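Coordinates in review
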Amino acid sequence: MLSKSQARLFFLATTGGFSLVFLGLTVDTILQVPERSHDADLTPAVVRGKHLWEDNNCMGCHTLLGEGAYYAPELTKVYERRGPDWMKTFLRDPQAMFPGQRKMVEYHFTDAQIDDLVAFFQWIDHVDTNGFPAPADLAPPAPAVASVAAVDLSAAPSTFTTVCIGCHSVGGRGGTIGPALDGEGGRRDAAWLDTWLTDPQAVKPGTAMPNLGLDPAVRQDLVAFLTSLH
Amino acid sequence: MKFQSQRIAWLFFATCMLLLTLQIIYGFIMGFAHMGFDVLHDYIPFNTARATHTNLLVVWLLTGFMGASYYILPEEADRELYSPKLAVIQWASLVVVSVVALIGFHLNYWEGRKFLEIPRPLDYLVVANVLMFVFNVGMTTLRGRRYTTTGLVLLVGLVSAALLYLPGMIWFDNQVLDSYFRWWVVHLWVEGVWELIMGAIMSYLLIKLTGVDREVIEKWLYVIVGLTFVSGILGTGHHYYWIGAPEYWKTVGGVFSALEPLAFLGMALYGVNMARRGGRKHENRIALYWTVGTGIMSFVGAGFLGFAHTLPQVNIYTHGTLVTAMHGHLAFWGAYAMTVLAVISYALPQMTGRKLYNTWMAEWAFWISNIGMVAMTAAFGVAGITQVYLERRVGMDFLKVQDAVQVHFGGLILAASLFTVGIGLFIWTFILYGLPRRELAADAVQAEPGLRPAK
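For clarity, every value in this text was computed on a predicted model and none was experimentally measured.

Turning next to the overall build of chain B. Each helix and strand in chain B was counted, giving 14 helices and two strands. The C-alpha radius of gyration of chain B comes to 22 Å, within 12% of the 23 Å expected for a compact globule of 455 residues. Across the 455 residues in chain B, those meeting the buried criterion constitute 66%. Counting contacts in chain B only where the partners sit at least 6 residues apart, residues at least 24 apart contribute 84% of the total. By element, 72% of the accessible surface of chain B is carried by carbon and sulfur atoms, the whole surface being about 16,000 Å². Counting 30 positive and 26 negative side-chain charges, chain B places the averaged centre of each group 9 Å from the other.

Structure follows, in structure tokens:
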């Protein structure tokens, strides 16, 4: 039967042994991380972005690399998912994008700070995470392209292809949170669309459509593009 | 209780009760926010509530460990505490630093690193505080009239916990390394050296409560803490799967964290077996409930539910979802909260001379809080599995999924209310015990008061 001194030896030997192995693997990890995380791209802007990320405890709601809280979306691949323009629009007024939904704190970031945060997310996006997050393997197949006519987006204003497309689709491409905009030109006229984009809540109280505070010129471009959709 | 200075533990235990109450309040704030009632958003946004909730947990558990050490180590060393005055100063400074940190969280003064939100300037005060504590208990042990395994394991656990706080204070520009070393603190605490503290406290309580020979209990203590480190050190790898660390961590972390339940199974069997073998039964039955309970619930919460999502092929979907909250709640409750409540249940009658154990209130406190916490875990589990399925596998939008799981937070709040009733009864019992009494220590020299032969 095991004696107390044998038990002590077991404790000391295993603890010592496994600690050494752990330290060895740590050294190897430290050597590999610069390449896996593209350390060369770690610009001052990225580091400033990391400071902003920590100083405002973004991890208190979001997860990054899967770590943090579960109140707000995972952000490891947000740069790929949303793109810089959408992110900048969102960060300028976080509560505007999803009206009536869960709220993010209004941080009143300056444009320079927003650029730093985007740089940080862009850097994180390129870290080799061994495949996390996994693609949604049970996702229903994308709607058959044949059911809607393909739309040439090369003429679309950039706001449309970077921001609107996050929620709306045309020609089977884009988000599903808002209605598809195929044929929008046949349903709405320019005056209505302009009023709508200026203040969606005034037209339809409680709508999920955000008031993005669009520049009048940008708004005109969007209206022109939308009325051209038939 | 044998020594006057052990009474200092009461200060720490009372602080625990206060912090636990606050922790529960902030938990409710978050539960309601998840249900869509974020009415406090402008004053206490979610990230403030979250940092406050988790840091209160860490602080009250550490406070409990400190109280337990001030109570246990003088007895194990067979002498008064090295400096009772220093212990009181240390308690006061701990309270001050904690209050400043918690107020800071409400004023956007923190560093957003999960579990280590205390900003770096305050970290230095934490270090100074812990040094005071370690010095005091260390000198008590060194100058003691005897060295026991229980005392030494407890001390080694405390000193290692203090040392492991340091890697969390290093600044890294690279988020990957930042995360890598943050887990040196968080993981190597809760799945490493805190288990030494837990094991030592359990061992002390089992010696006191069951009358089983110290040699036998301490032999198994070595085996259990050995198993903890066999699995726990390299088990850190389960935090390194997806943060940018090399791919071999998937194998290393997967294999060794799959062994982690063994250490907790050891804790459970340890508690149950020693309680059954005990030739003598202690009058304070409720302290034995909590002691054996912590072994069993740590196995269920930390061991079993941890294993449920530790393998990389599962974890790639569950990582960063409410499944983690499910495991986290029962693990911290079973392994550490219950350990602290066990030592409080044992020490209070000794310190105050009142025998309020085995009352209906003390007994219901045990059952209701445990049933409530298991129900909370189930609510988190259902919400978490639904989230994993809809968001990670079907690819639905985050906010839509959150709407879909809202109803489970209603269940969570009901379960949490039950839990709160249990904790309320525990705290009410604590208050009824009153203050520790001086004359008691002088005459309570009989070594193990309260032991009587089993029927």
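Having seen it, we continue.
Residue and element names in this part refer to chain A. For the peptide bond that leads from Phe 132 to Pro 133, omega is -10°, which places it in the cis range. Mapping Pro 133 onto the fold places it in the loop between α4 (111–125) and α5 (158–162). Its identity as a non-glycine residue notwithstanding, Asn 57 has a phi of 45°, on the positive side. Here Asn 57 is to be found in the loop between α2 (44–55) and β1 (63–64). A positive phi angle, close to 50°, is found at His 108, a residue other than glycine. Tracing the chain through its elements places His 108 in the loop between α3 (78–92) and α4.

Grouped together as the largest cluster of nonpolar side chains are 209 residues, with contacts concentrated most on B:Trp60, B:Trp189, B:Trp194 and B:Trp333. Ranked by residues supplied to this core, first place goes to helix α6 (residues 175–210) of chain B with 24 residues. Judged by nonpolar contacts, the second largest core, of 17 residues, contains A:Leu153, A:Cys164, A:Leu181 and A:Leu229.

Residues and elements named next belong to chain B. One way to put it is that helix α7 (residues 214–235) packs onto helix α8 (residues 248–277) with a least axis distance of 6 Å and a crossing angle of 160°. Classed by the angle they form, the pair α7 and α8 counts as roughly antiparallel. Regarding α7 and α8, the two cross each other, and that crossing is left-handed. Of the residues belonging to the contact of α7 with α8, the class tally is 17 nonpolar, seven polar and two charged.

Another aspect to go through is the domain arrangement of chain A. Residue and element names in this part refer to chain A. Examined at the domain level, chain A breaks down into domain 1 (41–125) and domain 2 (153–227). When each unit is reduced to the centre of its C-alpha atoms, the spacing between domain 1 and domain 2 is 24 Å. Of the residues lining the interface, seven residues belong to domain 1; the matching set on domain 2 comes to ten residues. At the boundary of domain 1 with domain 2, total buried surface from both sides reaches about 770 Å², with 65% on carbon and sulfur atoms. The largest contributions to the domain 1 side of the interface with domain 2 come from Trp 86, Met 97 and Pro 99, which together make up 47% of the buried area. Our enumeration of links across domain 1 and domain 2 arrives at zero salt bridges. On the surface where domain 1 and domain 2 come into contact, there are zero residue pairs in polar contact (both at pLDDT 80 or more). For the side of domain 1 that touches domain 2, the class distribution of residues is four nonpolar, one polar and two charged.

Okay, helix α12 (residues 360–393) of chain B next. In this model α12(B) runs 48 Å from its N-terminal to its C-terminal C-alpha over 34 residues, within 8% of the 50 Å that 1.5 Å per residue would give. Just past α12(B), the residue B:Gly395 takes up positive phi, approximately 85°.

Bringing the side chain of B:Glu117 into the picture now. Tracing the backbone through its elements, the reader meets B:Glu117 in the loop between α3 (84–105) and α4 (120–142). It turns out B:Glu117 is buried and unbridged, and the closest side chain with the opposite charge, B:Arg50, is 5.4 Å from it. Only 2.9 Å separates the side chain of B:Glu117 from the side chain of B:Asn55, close enough to count as a polar contact. Contacts of B:Glu117, omitting those with residues within four sequence positions, involve A:Asn57, B:Ala51, B:Thr54, B:Asn55, B:Phe105, B:Trp110 and B:Glu111.

Taken residue by residue, the interface counts 76 residues in chain A and 81 residues in chain B. Considering only the side of chain A, the residues that lose the most area to chain B are A:Lys4, A:Phe22 and A:Tyr70, jointly responsible for 13% of the buried surface there. Applying the counting criterion to the chain A and chain B interface returns five salt bridges. Close ionic contact of A:Lys50 with B:Asp178 constitutes a salt bridge, the shortest N to O distance being 2.6 Å. Here chain A and chain B share 37 residue pairs in polar contact (both at pLDDT 80 or more) between them. Contributions of two or more residues to the side of chain A that touches chain B are made by α1 (4–36), α2, β1, β2 (67–68) and α4 of chain A. For the side of chain A that touches chain B, the leading source of residues is α1(A), giving 20 residues. Along the lines of polarity and charge, the residues of the side of chain A that touches chain B split into 40 nonpolar, 21 polar and 15 charged.

Basis of the calculations
- Residues numbered from 1 in each chain as written.
- Chains lettered and ligands numbered in written order.
- Predicted model: local features only at pLDDT ≥ 70, side-chain atom pairs only at ≥ 80, totals over all residues.
- Heavy atoms only, no water.
- Helix = DSSP H or I, 4+ residues; strand = E, 2+ residues; numbered from the N terminus.
- Rg over C-alpha atoms; globule rule 2.2 N^0.38 Å.
- Buried < 20%, exposed > 50% of the residue type's maximum accessible area, 1.4 Å probe, protein only.
- Contact = heavy atoms within 4.5 Å.
- Areas by Shrake-Rupley, 256 points an atom, 1.4 Å probe, with all protein chains shown as cover.
- Lys, Arg positive; Asp, Glu negative; His and termini not counted.
- Charge placed at Lys NZ, Arg CZ, Asp CG, Glu CD.
- Core = buried A, V, L, I, M, F, W, Y, C linked by side-chain atoms within 4.5 Å.
- Axes fitted to C-alpha atoms, helices over the stretch in contact; angles between N-to-C directions.
- Parallel < 35°, antiparallel > 145°, perpendicular 65-115°, else oblique.
- Left-handed = near helix turned anticlockwise from the far one by under 90°.
- Nonpolar A, V, L, I, M, F, W, Y, C, P; charged D, E, K, R; others polar.
- Domains from an automatic or database assignment.
- Buried area = accessible area lost by both parts, 1.4 Å probe.
- Salt bridge = Lys/Arg side-chain N within 4 Å of Asp/Glu carboxyl O.
- Polar contact = N/O pair within 3.5 Å; in protein donor to acceptor, adjacent residues only side chain to side chain.
- Expected span 1.5 Å × (residues − 1).

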